Amino acid sequence: MRLWLLTAFILFGLASCNKEKFEKELEGNYTGIFYRTAPLVNFPVQQVTLNLNDNIFSGASGNARYPAICHGNWEAGNSTIEFENRCVWTADFDWSLILDGEFRYEWNGTQLKLWQVKGESEVTDWYVLEKVQ
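What you see is a predicted model; the values in this text were computed from it and never measured.

Reading guide: rules and limits
- Residues numbered from 1 in each chain as written.
- Predicted model: local features only at pLDDT ≥ 70, side-chain atom pairs only at ≥ 80, totals over all residues.
- Heavy atoms only, no water.
- Core = buried A, V, L, I, M, F, W, Y, C linked by side-chain atoms within 4.5 Å.
- Buried < 20%, exposed > 50% of the residue type's maximum accessible area, 1.4 Å probe, protein only.
- Helix = DSSP H or I, 4+ residues; strand = E, 2+ residues; numbered from the N terminus.
- Contact = heavy atoms within 4.5 Å.
- Polar contact = N/O pair within 3.5 Å; in protein donor to acceptor, adjacent residues only side chain to side chain.

Would you explain the nonpolar core in this entry?
Generally speaking, a soluble globular protein has its nonpolar side chains buried in company with each other. Grouped together as the largest cluster of nonpolar side chains are 21 residues, with contacts concentrated most on Leu50, Leu52, Ile81, Phe83, Leu114 and Tyr127. For this core, the secondary structure elements donating two or more residues are β1 (28-38), β3 (46-53), β5 (70-76), β6 (80-85), β7 (101-107), β8 (111-118) and β9 (123-131). At 3 residues, the largest contribution of residues to this core is made by β3. Those residues in contact with leucine 52, other than ones at most four positions away along the chain, are Leu26, Glu27, Gly28, Tyr30, Phe57, Trp74, Ile81, Phe83 and Leu112.

And the structure:
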């Protein structure tokens with residue numbers, strides 16, 4: 001029993017350190033584009049900014065609700081990043097455009113690409129960002 005508890009504790013500690021590593025690598029200020037893809041629909045491209053620091057995010061877009069970024073908390077693993085948007089939103093727009101929930105990501109040291117598939121609808125939101133600081 002003790003060996004099992006010790007093993008679980010060590011694995012949890014390693015996972016926590018690994019998560020912090022990914023978060024530190026991703027921290028910074030980004031600028032880039034957002035776009036949505038879907039079968040048979042063309043969505044516009046929008047300029048965006050995103051700031052990731054100390055597990056707090058903030059950002060904006062050229063159109064306040066396409067996408068709706070605002071601010072909140074984030075945490076990352078080795079292939080996903082989870083956003084928890086903490087803003088209050090009115091009901092007069094598509095809430096699926098809020099930066100919230102789990103996104104897959106690719107990071108190459110300067111470029112951060114985020115994407116989220118919306119259920120079974122084949123709609124995907126994309127953020128293609130360059131680190132500026």
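Would you take a moment to explain the environment of glutamate 84 for this structure?
Inspection of the secondary structure assignment puts glutamate 84 in strand β6. With relative accessibility at 39%, the residue glutamate 84 sits in the partly exposed group. In the structure, glutamate 84 is positioned 16 residues away from aspartate 100 in sequence and 5.3 Å away in space, judged by C-alpha atoms. Beyond its immediate sequence surroundings of up to four residues, glutamate 84 is in contact with Phe57, His71, Gly72, Asn73 and Asp100. A polar side-chain atom of glutamate 84 sits 3.2 Å from a polar atom in the side chain of arginine 86.

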